[in-house]
Amino acid sequence: MNPPSFNWQPLLDRWQLTVDGDAFVTPGSQLLPVRWQGRPAILKRALTQEEKSGGTLLRWWNGDGAAHVYAHESDTVLMERATGTRDLFAMALDGQDDEASRILCATLARLHAPRAAPPPAGLVPLRPWFRSLEAAAGESVRFARSWATAQALLDHPQDPVVLHGDMHHRNVLDFGERGWLAIDPKYVTGERGFDYANLLTNPELPIVTRPERFHRQLDVIAEAAQLEPQRLLRWVVAFAGLSAAWFMEDEDEQGIASDFAVADLAQAMLDG
């Protein structure tokens, strides 16, 4: 069920905006394309606490590696809108998978870089983020394997940073002259390897379960991110299990199968 329509007019008046497209809804937000001081922008009203927290994180990044927030009020942000024509998802499917992965890694490096301002309060650490996997550990050997791997990583974290939390090909967009920038972060902190694991597991990308793609992109990502390959493989096993647990909660068998296929590829290399 869609949320009731929202009256954007007070914000349009207050921030002197003009409507530049039709409003639309995502699972967590209501959005309206606008123009602000001649620039393409978008109003985004959070419908969940997760989306609202993501807006807080975008403000902290202050346009460095992520979309810029021009103004905010309560649960709504006025933010930079992507108008470029390039698409990382399409690139990955059209012979430019290496380039897409390197762009994603470069974007993450910017987001993970130290900032002068302290991080926002209340960031969620990774361990509670893995509760769904912990709960699923008794469901199958594969869930148990991923949870055991995750526990070992969480017990001895390396390179803790403020994470994006949902890094994939549709969450880094072409902002024209501003380059590639991230959108839709979560509100989580932990080892930076977590963010790179999703580049190898995203079930929306139909090529992720191909062994040749997995092996090639593991090398590309490990080199671009300066990550130890064995550590990245362990994060893939952990993250794929977590994603499968979320898909199990949503009763999405296809997503579960994709995640476990990737986890099996990673575990085979670890066992190699």
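Nothing here was measured: the structure is a model prediction, and the numbers come from that model.

**Thoughts on the pairing of strand 5 (residues 69-73)**
Step number 1: In the sheet, strand 5 pairs with strand 6 (residues 76-80) via four bridges, with the strands oriented antiparallel. What sits directly across from E73, in strand 6, is T76.
Step number 2: Linking strand 5 to strand 6, which pair antiparallel, is a turn of two residues; within it S74 sits at a positive phi near 55°.

**Considerations on the packing of helix 4 (residues 97-112) against helix 9 (residues 211-225)**
Step number 1: Running from N to C, helix 4 and helix 9 cross one another at 35°; their axes reach a closest spacing of 9 Å. In the crossing of helix 4 with helix 9, the sense of the turn from one axis to the other is right-handed. Residues D97, D98, S101, R102 and C105 of helix 4 lie in contact with helix 9, whose contacting residues are R213, R216, Q217, V220, I221, A224 and A225.
Step number 2: Looking at the contact of helix 4 with helix 9, its residues break down into five nonpolar, two polar and five charged.

**Things to note about the environment of A113**
Step number 1: With respect to the helices and strands, the residue A113 is situated in the loop between helix 4 and strand 7 (124-125).
Step number 2: For A113, a relative accessible area of 28% translates into the label partly exposed.
Step number 3: When the C-alpha atoms of A113 and D195 are compared, they prove to be 13 Å apart, with 82 residues separating the residues in sequence.

Parameters and conventions
Residues numbered from 1 in each chain as written. Predicted model: local features only at pLDDT ≥ 70, side-chain atom pairs only at ≥ 80, totals over all residues. Heavy atoms only, no water. Pairing = 2+ DSSP bridges. Helix = DSSP H or I, 4+ residues; strand = E, 2+ residues; numbered from the N terminus. Axes fitted to C-alpha atoms, helices over the stretch in contact; angles between N-to-C directions. Left-handed = near helix turned anticlockwise from the far one by under 90°. Contact = heavy atoms within 4.5 Å. Nonpolar A, V, L, I, M, F, W, Y, C, P; charged D, E, K, R; others polar. Buried < 20%, exposed > 50% of the residue type's maximum accessible area, 1.4 Å probe, protein only.

Distances and angles like these do not, on their own, reveal function.
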